[in-house]
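One letter stands for each residue in the lines below.
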Amino acid sequence: LSRRPGELRSFQNGLPPELWIHLAVVACGDRLEETLVMLKSAVLFSHRRMRFHIFTEEALKPEFDKQLRQWPDSYTKKFEHKIYPITFSAGNPQEWKKLFKPCAAQRLFLPAITTDVDSLLYVDTDVLFLRPVDDIWKLLRHFNSTQLAAMAPEHEIPKIGWYSRFARHPFYGAAGVNSGVMLMNLTRIRSTQFKNSLISTGLAWEDMLYPLYQKYKNAITWGDQDMITNSISFSNSPPECLYVFPCHWNYRPDHCMYGSNCKEAEREGVSVLHGNRGVYHDDKQPTFKALYEAIRDFPFQDNLFQSMYYPLQLKFLETVHTLCGRIPQVFLKQIEKTMKRVYEKHIIIHVGPNRMH
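Criteria and thresholds
Residues numbered from 1 in each chain as written. Predicted model: local features only at pLDDT ≥ 70, side-chain atom pairs only at ≥ 80, totals over all residues. Heavy atoms only, no water. UniProt positions renumbered as here; feature names shortened; annotations may be inferred. Pairing = 2+ DSSP bridges. Helix = DSSP H or I, 4+ residues; strand = E, 2+ residues; numbered from the N terminus. Axes fitted to C-alpha atoms, helices over the stretch in contact; angles between N-to-C directions. Parallel < 35°, antiparallel > 145°, perpendicular 65-115°, else oblique. Left-handed = near helix turned anticlockwise from the far one by under 90°. Contact = heavy atoms within 4.5 Å. Buried < 20%, exposed > 50% of the residue type's maximum accessible area, 1.4 Å probe, protein only. Core = buried A, V, L, I, M, F, W, Y, C linked by side-chain atoms within 4.5 Å. Domains from an automatic or database assignment.

Under an unreviewed UniProt entry, the protein chain has the name UDP-D-xylose:beta-D-glucoside alpha-1,3-D-xylosyltransferase and belongs to Loxodonta africana. Regarding the protein chain, the relevant UniProt record gives this comment under Function (unreviewed entry): "Glycosyltransferase which elongates the O-linked glucose attached to EGF-like repeats in the extracellular domain of Notch proteins by catalyzing the addition of xylose."

Section: the sheet that holds strand 7 (residues 177-185)
Taken together, the 7 strands give an open sheet; going across it, the order is 3-2-1-4-7-6-8, and neighbouring strands pair in mixed fashion. The strands lining the two open edges of the sheet, one partner per strand, are strand 3 (79-84) and strand 8 (242-244). Within this sheet the neighbouring strands show an average axis-to-axis angle of 25°, counted without direction. Looking at chain direction, strand 1 (residues 21-27) and strand 4 (residues 119-123) are connected through 2 bridges and run parallel.

Observations regarding the packing of helix 12 (residues 286-297) against helix 13 (residues 304-316)
For the pair helix 12 and helix 13, interaxial distance at closest approach is 10 Å and the crossing angle is 155°. For the element pair helix 12 / helix 13, the angle class is roughly antiparallel. In the packing of helix 12 onto helix 13, the handedness of the crossing is right-handed. Counting all contacts with helix 12, which are made through Thr 287, Ala 290, Leu 291, Ala 294 and Ile 295, the residues of helix 13 involved are Met 308, Leu 312, Lys 315 and Phe 316.

Quick look at the pairing of strand 6 (residues 149-153)
Most of strand 6 is tucked away, with 5 of its 5 residues classed as buried. With 3 bridges joining them, strand 6 and strand 8 adopt parallel strand pairing. Bridge pairing links Met 151 to Val 244 in strand 8.

As for the nonpolar core
By size, the foremost hydrophobic cluster in this structure holds 73 residues, and its most contacted members are Leu 121, Phe 129, Ile 136, Tyr 251, Leu 273, Met 308 and Phe 331. Ranked by residues supplied to this core, first place goes to helix 1 (residues 32-45) with 9 residues. Here this core spans two domains, and each of domain 1 (19-244) and domain 2 (250-349) adds at least three residues to it. Other than its neighbours up to four places away in sequence, Phe 331 contacts Leu 130, Tyr 251, Cys 256, Val 270, Leu 273, Thr 287, Phe 288, Leu 291, Phe 316 and Cys 324. Residues Val 26, Phe 55, Ala 105 and Leu 120 belong to the second largest nonpolar core, which totals 30 residues.

As structure tokens, this is what we get:
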């Protein structure tokens, strides 16, 4: 299990599959660094071993392998990775590539491609974990017998949400859901017959994708997200197929840029940060950018408090002119708690409980 990433042998070897966390991401174009920072945040804080399922174009495959192999052994032993090509197994590949962004539609096909995986956590490249991935993975235990997937609401206040104001297609609930952080029970998705207007008995997931794309292609704005969360899964299957988790598991600029509206994050702290709108790479939301740069620039072997947490606190002082920057405790609460757990575990293992003061 301590073999370096890339030396995969077989996913069936080692620990039983149910003991691994499966994390999937789709990365194309200029998303290499963003994806590596996301994966870095996952291994920094998590406890259980993980399997990364990386879907990317040919030009990026060698660089992913190279970069992941350069991480210290103490971290590479925590994961294996597998790199997949971008493939669309139903419909016209050229049409799928035009859906929002060139590779975005790939995640629609995850159940059909990862056939040896029971459950999967999919995240966008612009996601950062501020607590162990183990914790969101545990939400799979909360699924009832009918639920296939879990996501957070697209917005906490429907009257100012995008879907409730502008969508020209069906969407889930009062404000839609956001698929940038998505837990999926793939076994259930593969075995479910989804309602449709074509066949009275229903269609399997993969068989339904292209017909529904044809039906809604002139009405959807956000491409694969509209297809997954609003046009396919939950307008064509019962509402009880979705488990809705709180907004602190998918915290975006919309939760604070107009004023704080994610009450769970105010209580719990941000668990998973989603820097959509390109906020890691411009100065519009410096709080998000500061967190991204802190994780990106953190040397693996350094002390988390000294080299990440304390510099981050100082950086946040420069962001108080923004509405997101006025609530630093929301961003810091979980990451502080996580770092304390990592530090205490290190002390107990390497120093021993009898020598702690």
